[in-house]
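Notes for the structure review
Chain by chain, the residues:
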Amino acid sequence: MHSSNTKRTATCSCRSVELVPAGEPRRVYACSCMECQRCTGTAFSYRAIYPGSALVGQKGETRSWRRSGSSGQWLEQTFCTTCGSVVLMRAEGLKDALSVSVGCLEDPEFPPPIMLHWPHRKH
């Protein structure tokens, strides 16, 4: 496990976007809801929730779009304008938090998910 002053770099597929969250995530999760399956093009998303203040560096051009979740609250996906990789998500229901796509961190020792949201939707 990394120390509390750890800084990892999340990059998109084309390496144009870099995000640097500092410290350890609050929680690591996977989600099998249909929207996460569509967003990732796989059977689930794998994300790490950090405090909103954890983002200490960012470069590259991103765009964001919002959708309504099953609760009626918004979810915002942030992606690279060149390759389309979703690197970050924010949610109305997660105040002062951001979710980084774990695959973008390229850290084979990153903590595994502790929960699976929407397990009845999994493949």
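Calculation criteria
- Residues numbered from 1 in each chain as written.
- Predicted model: local features only at pLDDT ≥ 70, side-chain atom pairs only at ≥ 80, totals over all residues.
- Heavy atoms only, no water.
- Salt bridge = Lys/Arg side-chain N within 4 Å of Asp/Glu carboxyl O.
- Helix = DSSP H or I, 4+ residues; strand = E, 2+ residues; numbered from the N terminus.
- Buried < 20%, exposed > 50% of the residue type's maximum accessible area, 1.4 Å probe, protein only.
- Contact = heavy atoms within 4.5 Å.
- Pairing = 2+ DSSP bridges.
- Axes fitted to C-alpha atoms, helices over the stretch in contact; angles between N-to-C directions.

**Structural notes on the pattern of salt bridges**
- Taken as a whole, this structure holds eight salt bridges when the rule is applied.
- Of the charged contacts in the structure, one is a salt bridge between arginine 8 and aspartate 107, with a shortest N-O distance of 3.0 Å. Here aspartate 107 lies in the loop between β9 (97-101) and β10 (115-117) and arginine 8 lies in the segment before β1 (10-11), a separation of 99 residues in the sequence.
- With a relative accessible area of 6%, arginine 8 lands in the buried category.
- For aspartate 107, a relative accessible area of 19% translates into the label buried.
- Here the salt bridges share partners, and the residues they tie into one network are Arg8, Glu24 and Asp107.

**What to know about the side chain of glutamine 37**
- Turning to its location among the elements, glutamine 37 is positioned in helix α1 (residues 34-40).
- In contact with glutamine 37, other than residues within four places in its own chain, are Ser32, Thr42, Ala43, Phe44, Arg121 and His123.

**Remarks on the sheet that holds strand β3 (residues 27-31)**
- In space, the seven strands of this open sheet follow the order β6-β7-β8-β9-β4-β3-β10, with mixed pairing throughout. A strand with exactly one partner marks an edge of an open sheet, and here the two such strands are β6 (62-68) and β10. Each strand axis lies, on average, 30° off the axis of its neighbour in the sheet, ignoring direction.
- Looking at chain direction, β3 and strand β4 (residues 45-51) are connected through five bridges and run antiparallel. Bridge assignment links alanine 30 to a residue of β4, and that residue is tyrosine 46.

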